[in-house]
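So you can see what is in the structure, the chains are spelled out below.
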Amino acid sequence: MTPREVLALLREKEVKAVDLRFMDFPGLWKHVTIPAEALDEHAFEDGIGFDGSSLRGWQKINESDMLLVPQPDTLFLDPFRSDVTLVMVCNIQDPSTKEDYTKDPRNVARKAVNYMKYSGVADAAAFGPSLDFFVFDDVRFDQTTHSAFYHVDAAEAAWNTGRVENPNLGYKVPYRQGYFPCPPTDHLHDLRSEMMRAMLDCGLPVESHHHEKASAGQCSLDVRYADLVPAADNVLKYKYVVKNVARRRNKTATFMPKPLFDEYGSGMHVHTSLWKNGTNLFAGSGSSGLSEVAEYAIGGVLKHARALCAITNPTTNSYKRLVPGFEAPTRLAYSQRNRSAAIRIPVYSSRPKSRRIEYRLPDGSANPYLAFSAILMAMLDGVRNKIHPGPPLDKDIYDLPPEELTDVPPPPGTLDEALSALEKDHEFLLQGEVFTEDVIETWVNFKRREEVEAVRLRPHPYEFALYFDS
């Protein structure tokens, strides 16, 4: 769609406002809204100014002026606003040089795709993220000098079987038994259907929705794969719809990886494959129907997995999910059907175009532009250097004796450990100047200062249970 066609659409749909979206460095969607009358063709070339110093990890105060440049091919009508509002995702530019901003996550993603094409390995990278989330009915949390707590509740939660509800009708989801129950046990079917319809209205192709494995409102909607940059755009659209539909129904949704103790966490399993001239490069005659290119790509991801975690699992909470017993990956291995391995090879279909790998470590707290770009760069490094992953581990990893796990490393146990791995291993991300040293350094410093150290310095409520009577 051209800028002129966008302006014609504004008139056709009687649009009252234009919402300009972009992503900050850590991974939250930001926006500014202008009257529809204020948008003209020049805005698509000259951009619209904003203060880049007020965003986390971006510009210094003396270099604050930045430009939002709307991208016509990203537009959709916002189903949640009272006035007819058209949304467009923007790229970020420096107003002095008109160059794309190195710390704009969407720019990193675009550079990753360009580098892939320049390398000659592939001309397209398909990404199909599968996100889990929780829908709660009540959330309270606080942190002060003298107190700290959180409390979440959901009407369908197993812990509410004995609650006085006048009447309590039962039909609660048992702990760890939330996968695919029918209503009335599945309290959230209609809510997910509403999310599905809103996503379709926004141009986001949904394939299915279902209750996930945990009690207390864990859900998932499966969306169709796309090229890297549109796939990352779709993750943000997905999260926006989920949160706003929940809010509209007086509920709240979170993509926090592990909000409940001793229950399944929420991941963002990333299905991916490389393509060239319309042919899936991952389809072949090897193990699980994979090609040599796919095996090398797996080798690259596994080699760099510990460093990737700093980007794909970017919160201190992320590592509370990566523990045994909850179908979360606990070893850096690949397997045909094993969901406890870092990489699973789906075998639902034998069609060549369906051949792909599923990287199971990432979670929904990740910045999708940076996460998908980093995964792609690891795959390309594996192909370029012919890094073979070795044989698959087609066993139940949770039940393997220690001697069989000696040569199968675990993912990092903490965010700090992952950041240290990224500091040591990020040369593969710098190829083609996709990531830059400044981007890596800013990411590591921000995460350590604002999250790792912030959590480390605060007493944990469970420490009172452990140590108060010391």
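You'll find the structure just up there.
This is a predicted model, so every value here is computed, not measured.

Parameters and conventions
- Residues numbered from 1 in each chain as written.
- Predicted model: local features only at pLDDT ≥ 70, side-chain atom pairs only at ≥ 80, totals over all residues.
- Heavy atoms only, no water.
- Helix = DSSP H or I, 4+ residues; strand = E, 2+ residues; numbered from the N terminus.
- Rg over C-alpha atoms; globule rule 2.2 N^0.38 Å.
- Buried < 20%, exposed > 50% of the residue type's maximum accessible area, 1.4 Å probe, protein only.
- Areas by Shrake-Rupley, 256 points an atom, 1.4 Å probe, with all protein chains shown as cover.
- Lys, Arg positive; Asp, Glu negative; His and termini not counted.
- Charge placed at Lys NZ, Arg CZ, Asp CG, Glu CD.
- Salt bridge = Lys/Arg side-chain N within 4 Å of Asp/Glu carboxyl O.
- Expected span 1.5 Å × (residues − 1).
- Patch = residues over 30% accessible without salt bridge, like charges linked within 9 Å, V, L, I, M, F, W, Y side chains within 5 Å.
- Contact = heavy atoms within 4.5 Å.
- Axes fitted to C-alpha atoms, helices over the stretch in contact; angles between N-to-C directions.
- Parallel < 35°, antiparallel > 145°, perpendicular 65-115°, else oblique.
- Left-handed = near helix turned anticlockwise from the far one by under 90°.
- Phe/Tyr/Trp six-rings, centres within 6.5 Å; stacked < 30°, edge-to-face > 60°.
- Lys NZ or Arg CZ within 6 Å of the ring centre and 35° of its normal.
- Polar contact = N/O pair within 3.5 Å; in protein donor to acceptor, adjacent residues only side chain to side chain.
- Nonpolar A, V, L, I, M, F, W, Y, C, P; charged D, E, K, R; others polar.

### A short note on the overall build of the protein
A count of helices and strands for the protein gives 12 helices and 18 strands. Against the globule reference of 23 Å for 470 residues, the protein gives a C-alpha radius of gyration of 23 Å, in line with a compact fold. Expressed as lengths along the three principal axes of its C-alpha atoms, the size of the protein is roughly 65 × 60 × 50 Å. Burial statistics for the protein: of 470 residues in total, 55% are counted as buried. Only carbon and sulfur atoms are counted for the fraction: they give 51% of the accessible area of the protein, which is about 21,800 Å². Here the protein holds 54 positive side-chain charges and 65 negative ones, and the gap between their average locations is 3 Å.

### Overview of the pattern of salt bridges
Scanning the entire structure with this criterion turns up 28 salt bridges. Among the salt bridges present, the one from E358 reaches R360, with a minimum N-O distance of 3.1 Å. Given the relative accessible area of 2%, R360 is considered buried. Each member of the salt-bridge network shares a partner with another, and the members are D19, R21, D78 and R81.

### Topic: unusual backbone geometry
Backbone torsion omega between N166 and P167 reads 0 degrees, so that peptide bond is classified as cis. With respect to the helices and strands, P167 occurs in the loop between β9 (148-153) and α4 (189-201). Here E327, not a glycine, exhibits a phi torsion of approximately 60 degrees, which is positive. Tracing the chain through its elements places E327 in the loop between α7 (305-312) and β16 (331-335). Overall, the relative accessible area of 29% leaves E327 in the partly exposed class.

### A short note on α4
Residues spaced three or four apart along an α-helix point in a common direction, a consequence of the helix completing one turn every 3.6 residues. Between its first and last C-alpha atoms α4 spans 18 Å; for 13 residues at 1.5 Å apiece the expected length is 18 Å, and the two agree. For α4, the full list of buried residues reads L191, R192, S193, E194, M195, M196, A198 and M199. A positive backbone phi angle near 85 degrees is found at G203, which sits one or two residues after α4.

### Here we look at a nonpolar patch on the surface
A contiguous nonpolar patch, built from V139, F141, Y150 and F261 and spanning about 540 Å² of accessible area, is present on the exposed surface. Topologically, F261 is positioned in the loop between β13 (252-254) and β14 (268-276).

### Brief notes about the environment of D138
Turning to its location among the elements, D138 is positioned in strand β8 (residues 138-143). Residues in contact with D138, not counting those within four places in the same chain, are H151, V152 and D153.

### Digging into the packing of α7 against helix α8 (residues 368-384)
Packing of α7 against α8 leaves a shortest axis separation of 9 Å and a crossing angle of 165 degrees. Classified by the interaxial angle, the pair formed by α7 and α8 is roughly antiparallel. The chirality of how α7 crosses α8 is right-handed. Contacts between α7 and α8 pair L308, I311 and T312 from the former with L370, A371, A374, I375 and A378 from the latter.

### Considering the packing of aromatic side chains
Within this structure, the stated rule accounts for 12 aromatic pairs. Pairing F25 with W443 gives two aromatic rings, centres 5.6 Å apart and planes at 85 degrees, and the pair type is edge-to-face. In this pair, F25 sits in the loop between β1 (17-23) and β2 (29-35) while W443 sits in helix α11 (residues 437-456), placing the two residues 418 residues apart along the sequence. Among the aromatic side chains, those forming a connected cluster through ring pairs are W29, F80 and Y240. One Lys or Arg, R21, reaches over the ring of Y240 and ends 4.2 Å from the middle of that ring.

### Here's the deal with the side chain of Q218
Relative to the assigned elements, Q218 resides in strand β11 (residues 218-223). A polar side-chain atom of Q218 sits 3.3 Å from a polar atom in the side chain of S266. Apart from the residues lying within four places of it in its own chain, the contact partners of Q218 are D132, F133, F134, E156, H211, E212, K213, Y264, G265 and S266.

### Some words on the environment of D73
With respect to the helices and strands, D73 occurs in the loop between β4 (65-70) and β5 (76-77). Each C-alpha atom, one on D73 and one on F22, is 14 Å from the other, the two residues being 51 residues apart in sequence.

### Some details on the packing of helix α3 (residues 105-119) against helix α5 (residues 228-248)
Between α3 and α5, whose axes approach to 9 Å, the crossing angle comes to 150 degrees. Here α3 lies roughly antiparallel to α5, going by the angle between them. Here R106, A109, R110 and V113 of α3 come into contact with α5, specifically with L228, V229 and D233. Its residues placed into classes, the contact of α3 with α5 shows four nonpolar, no polar and three charged.

Purely geometric numbers; function is a separate question.
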